[in-house]
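Residue strings, one per chain:
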Amino acid sequence: MQSEHLHVVANEPIGPYRLLRLGRSGLRPGTPGQFFMLEAPGRVLPRPFSLCVAPTRELGFLVDPIGPGTHAIAGLEPGDAIRVTGPLGKGFDLAVSSPLLVGGGIGIAPFPYLSERLGRPPALLGFRTAHHAEAAALVPNAEVVLDPTLVTDALPAEPGDVLACGPEPMLDAIEERVAGAQLAREAPMACGYGACYGCVVERDGGYARLCVEGPVVRGGTAGSPTSHLLCAPTSREATAAAGQSPAPTMVARASEEGQAPSPLSSVEDGTS
Ligand SMILES: Cc1cc2nc3c(=O)[nH]c(=O)nc-3n(C[C@H](O)[C@H](O)[C@H](O)COP(=O)(O)OP(=O)(O)OC[C@H]3O[C@@H](n4cnc5c(N)ncnc54)[C@H](O)[C@@H]3O)c2cc1C
Ligand code: FES
């Protein structure tokens, strides 16, 4: 694991997303599906991002500005510097004979680099709107479907070696349909290297830190054991109301609009 201050080379709009291109300095791009922790200006904790593009002297990240950290990162300008740590975690297994990339929304972020490393295999990408689908231009050989059509509706009968990234329901549906599919999953991550246990998910009857054993996994992984707190009052509020000591707060993704406060935002309230 390496950590360096990288400088912004460019920040380009792609549909509703931003492609943030950073000078690579001494950082390695790693394996597609691995991730980097990017400092979020004005916030205490960094945020995890998949590497999207890896030209010779750059590392590029596709950013969906959905909250305070991603908004701060999406607002960086050429010449700005941020600390970047990585590559982290386990990426995709590239030893596949008939790859098919299957992704949805911002989940296509690791595919441009993955496609390059796999020799531009076919891809099946799903988006909510045509505006979001502009990001498909980053992925060669892509077939695009728009809501209400789902990528799982368009999966071929014999999909081959599926490598997938996207929302949890999409990954769950693929896991049911395609045995052995490689799935890049997500969980809230505060450290990115195994120290905070914020990314623990249920896996094979036990628990695993997704930042160490993933984010790319094959089957057997359910969501965060604290996801039942989604959209509910935070555990801190609930326990305070019950007259107990507050417990650590954990709230998972509610929806992209009308979000519940996130664990990271909760930690950072009052400090930024
Ligand atoms: C391994 C990994 C790779 C990622 N790669 C990318 C990427 O390439 N591009 C990109 O735009 N985003 C990526 N993300 C998601 C990104 O890290 C989060 O959107 C970001 O941390 C949110 O921070 P925020 O302060 O903007 O929003 P917050 O206020 O922290 O969160 C906004 C909402 O999203 C939820 N949320 C936050 N982080 C996650 C998460 N990791 N999983 C599920 N729900 C979450 C919150 O609970 C809240 O509802 C990745 C996440 C992981 C774990
Ligand atoms: S993000 Fe800290 S242990 Fe995984």
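Let me begin by describing the structure that accompanies this report. (Residues numbered from 1 in each chain as written. Chains lettered and ligands numbered in written order. Predicted model: local features only at pLDDT ≥ 70, side-chain atom pairs only at ≥ 80, totals over all residues.)

## Side note on the sheet that holds strand β11 (residues 182–184)
Thought 1: Spatial ordering of the open sheet is given by β9-β8-β7-β10-β11-β14, a layout of six strands whose pairing is mixed. Edge strands, defined here as strands with exactly one partner in the open sheet, are β9 (142–146) and β14 (216–217).
Thought 2: Of the pairings in the sheet, the one linking strand β7 (residues 99–104) to strand β10 (residues 161–165) comprises five bridges and is parallel in character. Paired with Leu 101 across the bridge in β10 is Leu 163.
Thought 3: Taken strand by strand, helix α2 (residues 111–118) contacts β7, β8 (123–127) and β10, and its axis lies near 175° from that of β7. (Pairing = 2+ DSSP bridges. Helix = DSSP H or I, 4+ residues; strand = E, 2+ residues; numbered from the N terminus. Contact = placed C-beta atoms within 7 Å. Axes fitted to C-alpha atoms, helices over the stretch in contact; angles between N-to-C directions.)

## Some points on the environment of Gly 160
Thought 1: Following the sequence through the fold, Gly 160 ends up in the loop between β9 and β10.
Thought 2: For the pair Gly 160 and Pro 99, spaced 61 residues apart in sequence, the C-alpha separation works out to 6.1 Å.
Thought 3: Excluding its chain neighbours within four sequence positions, the residues that come into contact with Gly 160 are Ser 98, Pro 99 and Leu 100.

## Digging into unusual backbone geometry
Thought 1: In this structure, Pro 87 follows Gly 86 across a cis peptide bond, with omega equal to 5°.
Thought 2: Mapped onto the elements, Pro 87 comes out in strand β6 (residues 81–88).
Thought 3: Following Gly 214, the chain continues into Pro 215 via a peptide bond in cis, with omega recorded as 10°.
Thought 4: Following the sequence through the fold, Pro 215 ends up in the loop between α4 (210–213) and β14.
Thought 5: For Ser 25, which is not glycine, the phi dihedral falls at a positive 50°.
Thought 6: Within the secondary structure layout, Ser 25 lies in the loop between β2 (17–23) and β3 (35–38).
Thought 7: Positive phi values are uncommon outside glycine, yet Tyr 197 reaches one of about 60°.
Thought 8: With respect to the element layout, Tyr 197 can be found in the loop between β11 and β12 (200–203).

The quantities given are spatial measurements derived from coordinates; they are silent on function.
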